[in-house]
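# Structural overview for review
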Amino acid sequence: MQRYLVRRILLALVTLLAVSLIIFVMSRAAGDPRHVYLDDYSTQEDWDRLTETLGLDKPYYYQYGIFLGSALKGDFGQSIKEGRPSMEVIIERLPATIQLGTAAFAFSVIVGVPLGILSAVKRGTFLDMTGKIIALIGQSAPVFWLGLMLVFLFAVRLDWLPPYGRQEISSIVLPAVALGWFYAAANLRLLRSAMLNVLDSEYVKLARAKGVSNNVIIWKHSLRNALIPVLTFAGITLGSLVTGSLVVETVFAWPGLGQLAIQALAGNDYPLLQAVVIVFTLMYVTAALLVDIMYAYIDPRIRYG
């Protein structure tokens, strides 16, 4: 098990290193960064000073070393638009994104998992058909359209919830539902399929023949074995909910990293955009690593393999 965990940690580090290299190459391919920092009124002295500061007079491998060393210290340079360190701006926006991602993840689990279990146990009934319809709609509706429809219905027509911003607790309801609905539907379909496979397995049939109660079969024998693919998707979900919140944060004017990335891209704020991408990658890789660690404790084949 220790070898398994070490391999997964090394793989996560290699992924982060590869992403940092891609970001460095893309930033250089986008053009000379000195044109971003300096304007037409800058002097040759300003140009030379910035060249030395950024290490642009050095070979590319040396520049990458400077970039990687600064990234390890959390230094991604000054935000052009904000005029202060990029990480300082990110730290201010990070709680809003984590709050939204956590709420959307909770919604996807609270809605998707019970409906998936119920749909599998009540296979072929009206409840099963209802679950299939919910899953189909959830995975077919675009996020931006769903967000706009939620605003129109619950904020404009019914006036139950705030339409945008992060002023009060209820402000998170609509963006969390819009962001988490697709993953709730995916959890429903995935868990239903996994539960049906387990319920039709030989050892479950043997348990029924021995007189084991239906509740024990569902909650102890079936659900635990059906959670492996769901757990895999949960790791992807958690990372995607945090890093994929750009559209939802834009629709609901939610002051998180997604909206910050859009603003940095529109304003050619490359240092800030690089920092956001690195933070997104770190969060996604961390979520995937946590899932791999949970694998080792849930699945004996991994724990003793």
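As a reminder, the structure under discussion sits directly above these lines.
Criteria and cut-off values
Residues numbered from 1 in each chain as written. Predicted model: local features only at pLDDT ≥ 70, side-chain atom pairs only at ≥ 80, totals over all residues. Heavy atoms only, no water. Helix = DSSP H or I, 4+ residues; strand = E, 2+ residues; numbered from the N terminus. Buried < 20%, exposed > 50% of the residue type's maximum accessible area, 1.4 Å probe, protein only. Contact = heavy atoms within 4.5 Å. Areas by Shrake-Rupley, 256 points an atom, 1.4 Å probe, with all protein chains shown as cover. Phe/Tyr/Trp six-rings, centres within 6.5 Å; stacked < 30°, edge-to-face > 60°. Salt bridge = Lys/Arg side-chain N within 4 Å of Asp/Glu carboxyl O. Core = buried A, V, L, I, M, F, W, Y, C linked by side-chain atoms within 4.5 Å. Patch = residues over 30% accessible without salt bridge, like charges linked within 9 Å, V, L, I, M, F, W, Y side chains within 5 Å. Polar contact = N/O pair within 3.5 Å; in protein donor to acceptor, adjacent residues only side chain to side chain.

### Concerning the overall build of the chain
When its secondary structure is counted, the chain shows 14 helices and 0 strands. Going residue by residue from the N terminus, the α and β elements of the chain occur as α-α-α-α-α-α-α-α-α-α-α-α-α-α. Within the chain, the fraction of its 305 residues that count as buried is 40%. Of the contacts formed within the chain by residues at least 6 apart in sequence, a portion of 73% connects residues at least 24 apart. Summed over all atoms, the accessible surface of the chain reaches about 17,200 Å², with 66% contributed by carbon and sulfur.

### Quick look at the environment of Trp181
Residue placement: Trp181 occurs in helix 8 (residues 173-199). When the C-alpha atoms of Trp181 and Val143 are compared, they prove to be 8.4 Å apart, with 38 residues separating the residues in sequence.

### Some points on the packing of aromatic side chains
Aromatic rings in a pair are described by how distant their centres are and how their planes are angled relative to each other. Counting across every chain of the model gives 3 aromatic pairs. Residues Phe182 and Tyr183 carry aromatic rings whose centres are separated by 5.3 Å and whose planes lie at 90° to one another, so their mutual orientation is edge-to-face.

### Focus: the pattern of salt bridges
Enumeration over the complete set of coordinates arrives at 2 salt bridges. The salt bridge involving Glu88 is made with Arg84; its shortest N-O contact spans 3.1 Å. For Glu88, a relative accessible area of 38% corresponds to the partly exposed category. We note a salt bridge from Glu92 to Arg84, for which the minimum N-O separation is 2.9 Å. A single network of salt bridges, built from pairs that share partners, joins Arg84, Glu88 and Glu92.

### Let's talk about the nonpolar core
Formed by 23 residues in total, the largest nonpolar core has its most connected members in Leu100, Leu150, Leu174, Leu179 and Phe252. Looking at this core, the elements with two or more residues in it are helix 5 (86-121), helix 7 (143-157), helix 8 and helix 10 (214-243). Considering each element in turn, this core owes the most residues, 8 residues, to helix 8. Setting aside residues no more than four positions away along its own chain, Leu100 makes contact with Ile172, Pro175, Ala176, Leu179, Ser245, Val248, Glu249 and Trp254. Core analysis: the second largest hydrophobic core is formed by 19 residues, Val19, Leu260, Ala261 and Phe280 among them.

### Observations concerning a nonpolar patch on the surface
Residues Phe144, Trp145, Leu148, Met149 and Val247 make up a contiguous nonpolar surface patch of about 480 Å² in total accessible area. Ranked by residues supplied to the nonpolar patch, first place goes to helix 7 with 4 residues.

### Some details on the side chain of Thr97
The residue Thr97 is located in helix 5 in this model. Residue Thr97 is classed as buried on the basis of its relative accessible area of 1%. Of note is the side chain of Thr97, whose polar atom sits 2.5 Å from the backbone nitrogen of Leu257.

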